[in-house]
Amino acid sequence: MAAPEATKESKSAIETAIDSAKETCESGSAGACATAWDEVEELSASAADKKQAKSTQDPLDAYCDDNPEADECRVYED
């Protein structure tokens, strides 16, 4: 069940970065504000990439990862 925990951690990191960016923009310079929002964007993109990579796995591959001895997962070499 590591995936839901990782998702919660990434959501928490994004939320923390958003709060930090808001505070930075209220009290900091325009450059610091842009840098803070860049960090939020990078965290969001990373989370989206991880989610997409997870969802593109073939169900048979996932099954064979869990059950390599199954008949459906045999690999015959010439």
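Coordinates for the structure precede this section.
Quick summary incoming for the structure in this document. Nothing here was measured: the structure is a model prediction, and the numbers come from that model.

Topic: a negative patch on the surface
Argument step 1. Side chains of E15, D19, E23 and E26 sit close together on the surface and give a patch of like negative charge.
Argument step 2. Tracing the sequence through the fold places E26 in helix α1 (residues 2-27).
Argument step 3. Its relative accessible area of 72% is what places E26 among the exposed residues.

Quick notes on the state of the cysteines
Argument step 1. Taken as a whole and judged by the stated rule, the model has two disulfides.
Argument step 2. Put simply, C25 and C33 are joined by a disulfide, and their sulfur atoms are 1.8 Å apart. Judged by the torsion about the S-S bond (80°), the C25/C33 disulfide is right-handed.
Argument step 3. What makes C25 partly exposed here is its relative accessible area of 27%.

Section: the environment of C33
Argument step 1. Tracing the sequence through the fold places C33 in helix α2 (residues 30-55).
Argument step 2. Put simply, C33 and E23 are ten residues apart on the chain and 8.7 Å apart in space, counted from C-alpha to C-alpha.
Argument step 3. Beyond its immediate chain neighbours, meaning those up to four positions away, C33 contacts T24 and C25.

Digging into the environment of W37
Argument step 1. Following the sequence through the fold, W37 ends up in helix α2.
Argument step 2. C-alpha of W37 to C-alpha of I18: the two residues are 19 residues apart in sequence and 7.4 Å apart in space.

Calculation notes
Residue indices begin from 1 for each chain and proceed along its sequence in written order. The predicted nature of this model means local features are confined to residues of pLDDT at least 70 and side-chain atom pairs, given and counted, to a pLDDT of 80 or more, with totals for whole chains, interfaces and linings taken over all residues. No hydrogens and no water enter the side-chain calculation; it runs on all heavy atoms of the structure. A patch consists of residues whose relative accessible area exceeds 30% and which take part in no salt bridge; residues with like charges are grouped when within 9 Å of each other, and nonpolar side chains (Val, Leu, Ile, Met, Phe, Trp, Tyr) when within 5 Å. Areas reported here follow the Shrake-Rupley algorithm with a probe of radius 1.4 Å; residue values treat only the protein chains shown as occluding. Salt bridge, as applied in this entry: a Lys or Arg side-chain nitrogen positioned within 4 Å of an Asp or Glu carboxyl oxygen. Working convention for charge: Lys and Arg count positive, Asp and Glu count negative, and His plus the chain ends are omitted. Note that the charge is assigned to NZ on lysines, CZ on arginines, CG on aspartates and CD on glutamates. Note on conventions: DSSP H or I runs of at least 4 residues are helices, E runs of at least 2 residues are strands, and numbering of each starts at the N terminus. Throughout this description, buried means an accessible area under 20% of the type-specific maximum (1.4 Å probe, protein chains only), exposed means over 50%, and partly exposed covers the range between. To count as a disulfide, a pair of cysteine sulfur atoms needs to be within 2.5 Å. Residues are treated as being in contact if the distance between any of their heavy atoms lies within 4.5 Å.

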